[in-house]
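In case you want the letters, here they are:
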Amino acid sequence: MHLAHYLGLLHRAQTNLADAFRQVATAHAAEPDIFHLCRQQALVCDGHAEKLQPFARRYSEEAPDEPDRLHSELFGGTRTGGIGLLRDLQDLYLMAAECDICWTVVGQAARGARDDDLRQVVQDCEGETAMQLKWLRTRMKAAAPQALVVAD
């Protein structure tokens, strides 16, 4: 069964996303909404990773390195200024999208394995990840005019 592979992928992706949210919160602390909401979303990701733990044990988690590669390619460090905030939010969006598709794949596997407990975790976490994506998209829309049109 290869479900363990995707559980490892998802667990690592959630952990990396939490770390990235914290980095963006710290780098853009002058933006109160970014500081507080990114810290809040990091806790949501931590909770997702924690909820996966029993299933990782059940299916003997294999932790592939793909999420780390994605994290390192996207997040070589945060940026400054309006354009930096926009790019950092875009990086978070791409990392959250990775989590989103992994939830979808794991959810399908949970259905196939008839694992109702895992299906419930997927349903709960998938919805929260979708909300993260919506918030990031909305915040990028708000930041784009200032960052791209108004001179520094």
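Along each chain, residue indices are assigned from 1 in the same order as the chain's sequence is written. Under the rules for a predicted model, residues below a pLDDT of 70 receive no local features and side-chain atom pairs below 80 are neither given nor counted, while totals for whole chains, interfaces and linings still include all residues. Excluding hydrogens and water, the side-chain values take into account all heavy atoms of the structure.

### Concerning the packing of helix α1 (residues 3-27) against helix α2 (residues 32-58)
- Axes here mean lines fitted to C-alpha atoms, for a helix over just the part in contact, with angles spanning 0 to 180 degrees between N-to-C directions. Under the scheme used here, helices are H or I runs from DSSP no shorter than 4 residues and strands are E runs no shorter than 2 residues, and both carry numbers assigned from the N terminus. Viewed as axis vectors pointing N to C, α1 and α2 meet at an angle of 160°, and their least axial separation amounts to 8 Å. Viewed along their axes, α1 and α2 adopt a mutual orientation that is roughly antiparallel. α1 and α2 meet at a crossing whose hand is left-handed.
- Think of it as three bins: nonpolar holds Ala, Val, Leu, Ile, Met, Phe, Trp, Tyr, Cys and Pro, charged holds Asp, Glu, Lys and Arg, and polar takes everything else, Gly as well. Looking at side-chain class alone, the contact of α1 with α2 contains 17 nonpolar, six polar and three charged residues. Roughly parallel means an angle under 35 degrees; roughly antiparallel means over 145; roughly perpendicular covers 65 to 115; every other angle is labelled oblique. If you view the pair so one helix is near and one far, a crossing is left-handed when the near helix is turned anticlockwise from the far one by less than a right angle, and right-handed when it is turned clockwise.

### Side note on the pattern of salt bridges
- For this analysis, a salt bridge means a side-chain nitrogen from Lys or Arg found within 4 Å of a carboxyl oxygen belonging to Asp or Glu. With the rule as written, the count across this model stands at seven salt bridges.
- Among the salt bridges present, the one from arginine 79 reaches aspartate 91, with a minimum N-O distance of 3.0 Å. Note that arginine 79 is positioned in the loop between α3 (66-74) and α4 (81-113) and aspartate 91 in helix α4, a separation of 12 residues in sequence.
- Exposure remark for arginine 79: the relative accessible area of 26% places this residue in the partly exposed category. When accessible area is computed with a 1.4 Å probe and restricted to protein chains, residues below 20% of their type maximum are described as buried, those above 50% as exposed, and intermediate ones as partly exposed.

### Things to note about the nonpolar core
- Only buried residues count toward a nonpolar core. Its members are Ala, Val, Leu, Ile, Met, Phe, Trp, Tyr and Cys residues joined through side-chain atoms within 4.5 Å. If you look at the biggest cluster of nonpolar residues, it comprises 41 residues, and the most contacted ones within it are Leu7, Leu17, Phe21, Cys38, Leu92, Leu118 and Leu136.
- Taken together, the elements giving at least two residues each to this core come down to α1, α2, α4 and α5 (116-149).
- Those residues in contact with phenylalanine 21, other than ones at most four positions away along the chain, are Cys38, Gln41, Ala42, Cys45, Leu92, Gln132, Trp135 and Leu136. The contact rule is simple, with two residues in contact once any of their heavy atoms fall within 4.5 Å.

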